[in-house]
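Commentary on secondary and tertiary structure
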Amino acid sequence: MTRRDLFLAAGAGALAAPGLAEAQAARVLRYVPHANLPNIDPFTNTAFVARDHAMLVFDQLYGMDENFVPRPQMVQGHVVENDGLLWRFTLREGLRFHDGAPVRGRDCVASIRRWGRRDAFGQVLMARVAEMTEESDRVFSIRLNQPFPKMLQCFAKVTTSCLFVMPERLANVDPFQNITEAVGSGPYRFVQNEWVPGSRLAYVRNPDYVPRQEAPSMTAGGKVAHFDRIEWLIMPDPATASAALQSGEIDWWEQPTADLFPLFLRGANARNIRVDIINNTGLIGIFRPNHVTAPFNNPAVRRAVLTAINQMDFMTAVIGTSGVEGRADLRREGIGYFAPESPSASDVGMERLRKNLDAARAELQAAGAMGARLVLLNATDLSSINAATLVGADLFRRMGFNVELVSTDWGTLVARRASRNPLEQGGWSGFFTFWSGVDHWDPSSHASIRGHGESAWPGWPTIPAIEAQRDAWFNAPNEAAERAATREMQRIAFEEVPYVPTGMYYQPTAYRRNLTGILKGQPPLFWNVRRG
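What you see is a predicted model; the values in this text were computed from it and never measured.

Points about the sheet that holds strand S11 (residues 252-253)
Taking strand neighbours across the sheet as the criterion, the seven strands line up as S8-S9-S10-S1-S11-S19-S12 in an open arrangement whose pairing is mixed. For this open sheet the edge positions go to strand S8 (188-190) and strand S12 (273-276), each flanked by a neighbour on one side alone. Relative to strand S19 (residues 509-512), S12 runs antiparallel, the two sharing four bridges. Opposite Arg274, over in S19, you have Tyr511 as the bridge partner. Helix H3 (residues 48-57) rests against S8, strand S9 (200-205) and strand S10 (229-233) of the sheet, and its axis sits at about 170° to S10.

This is how it looks when you write it as structure tokens:
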């Protein structure tokens, strides 16, 4: 029996009490995320789906509004003293975790410490922390050894991994081991005994959650939960998800595939389905080479890939040529190492993107890598990654590489990419993936441009010059100095190639028109959404 058949069977069982079934359905939101949730720990897992799950369950000290301005969320407020070296935070009254325990300053301190071991932005903060102290149940302080004016941006970040506050007992878990239960203080509780990996997750409204009184804006403001229950249904097959959305068996499909846009926009069910872009910063594609194994341990080989790349080829395969209301073309090329609409963007080094296969072959030959073996990882359950990988595999073969394509699900890919083994011992050469434009907005959370070796994101580039400019950005006294640092970071990146940018696209989402209040921004959010 297919998942669609199971939905229909469940619906048939409710026909004896249609009024009750309809009332219950009105209080349940059924959602199809872009991927399966590999684990429930938002600090050990940089996958977007882990962050999106955590946004339901946990809360943040500060939210980020749609203009990327940090706003108080769990905190009532803060003061800064001693020339920026002492920050004191006061929590809102009445905050409670889902297990009934109060949220205390010690929970915040422990959460910051655990998160700061894993997150790139958090690591910068922790390098400047002299001491973190719980002064009372509702007050904690951070004493620094040097000023850190980006503290609030750090706490409010929406890029993975976000700072979520969890109970001290969970925050004390080794940051390189996964927590085994998801207990937060957010607007929804995770129903862990209903979690079926690869199939479904469930969340129920937290009756003890007290939203802020401000209007919601992305992750800031009042988080009002209008649904009693939210169900995530894992549907890797686009046809199944499409049929479920059209029939009303699901309410919201996060990332419909491009071939279905015309059906939703002009088909028989167009009056019931809306196709909308909620993340206006787009999704940026990258090819991540493995810097610790041949042939991509040679920067000349990585530069040859830059020479060959035609970003529009990748984006056409991923999103097609159709547009949606408000954006006639969902593709963008000419993408460097920062989001094109961010203050960090520049044209430095863009001439390296030559779209020249013959020149790339010559560079590969000169580097002594013609015919080199590539083990290319692919996630077939994510249509965007699968499409980009197939285009990339074809390009690499035409360049002169000997390509071995390893196709698995995303969870298996994530597990394998953690291996630093040589190719003959189960290692890998590269993979394609996507980051939100927010992730590439500035150096603070731009994990893929970093060059800090063994502690880097998988691929492990060692590029001290990039790290030096990243430090310069954090220490910049003004915006002009920040821009100078990011321009130099991009120049170095085009020389050393921590990764290859493959373009950018805007991913529409699709939902039933009877849903209202879906917030713009990143990530997909479930508060403020209601039916009717």
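Quick word on the packing of aromatic side chains
A complete count under the given rule lists 35 aromatic pairs for this structure. Relative to Trp252, the ring of Tyr31 lies with its centre 5.0 Å away and its plane at 75°, an arrangement referred to as edge-to-face. Separated by 221 residues along the polypeptide, Tyr31 in strand S1 (residues 28-32) and Trp252 in strand S11 bring together distant segments of the chain. For the pair shown, Tyr31 and Trp252 are each scored as buried. Ring pairs connect the aromatic residues Tyr31, Phe190, Trp195, Tyr203, Trp232, Trp252, Tyr511 and Phe526, which therefore count as one cluster. One residue, Lys223, lies across the ring of Trp527, its end atom 4.5 Å from the ring centre.

Examining the sheet that holds strand S13 (residues 283-289)
Two modes of strand pairing occur in sheets, parallel and antiparallel, and in both the strands are linked by backbone hydrogen bonds. Ordered by their spatial adjacency, six strands build an open sheet running S14-S18-S13-S17-S15-S16, and the pairing between neighbours is mixed. Each edge of the open sheet is held by one strand with a lone partner, namely strand S14 (331-332) and strand S16 (402-408). By the bridge criterion, two bridges tie S14 to strand S18 (residues 500-505) in an arrangement that is antiparallel. Its bridge partner being in S18, Arg331 is matched across the sheet by Tyr505.

Some words on empty space enclosed by the protein
Taking a probe equal in size to a water molecule and rolling it over the atoms shows the remaining empty space. A full pass over the atoms with the stated rule returns one cavity of 30 Å³ or more. Considering only enclosed or pocket space, the largest cavity measures out at about 190 Å³ in volume. Forming the walls of the largest cavity are 17 residues, and the residues nearest its centre are Glu254, Gln255, Asn279, Gln507 and Gln522. Of the residues forming the lining of the largest cavity, the biggest block, three residues, is contributed by H3. Its residues placed into classes, the lining of the largest cavity shows six nonpolar, eight polar and three charged.

Here we look at the pairing of S19
Along any regular strand the residues' side chains alternate between the sheet's two faces. Both faces of S19 are covered, namely the face carrying Thr509 and Tyr511 and the face carrying Ala510 and Arg512. Across two bridges, the pairing between S11 and S19 is antiparallel. Paired with Trp253 across the bridge in S19 is Ala510.

Re the packing of helix H10 (residues 299-308) against helix H13 (residues 383-399)
How two helices pack is summed up by the angle between their axes together with the distance between the axes. Relative orientation of the contacting elements H10 and H13 amounts to 110°, with a least axis distance of 11 Å. By the angle between their directions, the pair H10 and H13 is classed as roughly perpendicular. Helix-helix and strand crossings are classified by hand; for H10 and H13 the assignment is right-handed. Residues Ala304, Val305 and Ala308 of H10 lie in contact with H13, whose contacting residues are Leu395, Phe396 and Met399. Residue composition of the contact of H10 with H13, by class: six nonpolar, no polar and no charged.

Side note on the pattern of salt bridges
Considering all chains together, one arrives at 38 salt bridges under this definition. We note a salt bridge from Arg104 to Asp107, for which the minimum N-O separation is 3.2 Å. Arg205 is the salt-bridge partner of Asp228, the closest N and O atoms lying 3.6 Å from each other. With a gap of 23 residues between them, Asp228 in the loop between S9 and S10 and Arg205 in strand S9 connect regions that are remote in the sequence. The structure contains a network of salt bridges with shared partners spanning Arg30, Glu194, Arg200, Arg229 and Glu231.

Section: H3
Along H3, ten of the ten residues are buried, which leaves the element largely enclosed by surrounding structure. Buried residues along H3 sit in contact with S8, S9, S10, S13 and strand S17 (430-436).

Structural notes on H13
Between its first and last C-alpha atoms H13 spans 24 Å; for 17 residues at 1.5 Å apiece the expected length is 24 Å, and the two agree. Taken together, the buried positions of H13 are Ser384, Ile385, Ala387, Ala388, Thr389, Gly392, Ala393, Leu395, Phe396 and Met399. At the exit of H13 stands Gly400, carrying a positive phi of roughly 125°.

What counts, and at which threshold
Residues numbered from 1 in each chain as written. Predicted model: local features only at pLDDT ≥ 70, side-chain atom pairs only at ≥ 80, totals over all residues. Heavy atoms only, no water. Pairing = 2+ DSSP bridges. Helix = DSSP H or I, 4+ residues; strand = E, 2+ residues; numbered from the N terminus. Contact = heavy atoms within 4.5 Å. Axes fitted to C-alpha atoms, helices over the stretch in contact; angles between N-to-C directions. Phe/Tyr/Trp six-rings, centres within 6.5 Å; stacked < 30°, edge-to-face > 60°. Buried < 20%, exposed > 50% of the residue type's maximum accessible area, 1.4 Å probe, protein only. Lys NZ or Arg CZ within 6 Å of the ring centre and 35° of its normal. 1 Å grid on protein atoms, 1.4 Å probe; cavity = no way out; pocket = protein on both sides within 12 Å on 5 of 7 lines; lining within 4 Å. Points joined across faces, edges and corners; volume = space filled by probe spheres on them. Nonpolar A, V, L, I, M, F, W, Y, C, P; charged D, E, K, R; others polar. Parallel < 35°, antiparallel > 145°, perpendicular 65-115°, else oblique. Left-handed = near helix turned anticlockwise from the far one by under 90°. Salt bridge = Lys/Arg side-chain N within 4 Å of Asp/Glu carboxyl O. Expected span 1.5 Å × (residues − 1).

Nothing here speaks to function; it is all geometry.
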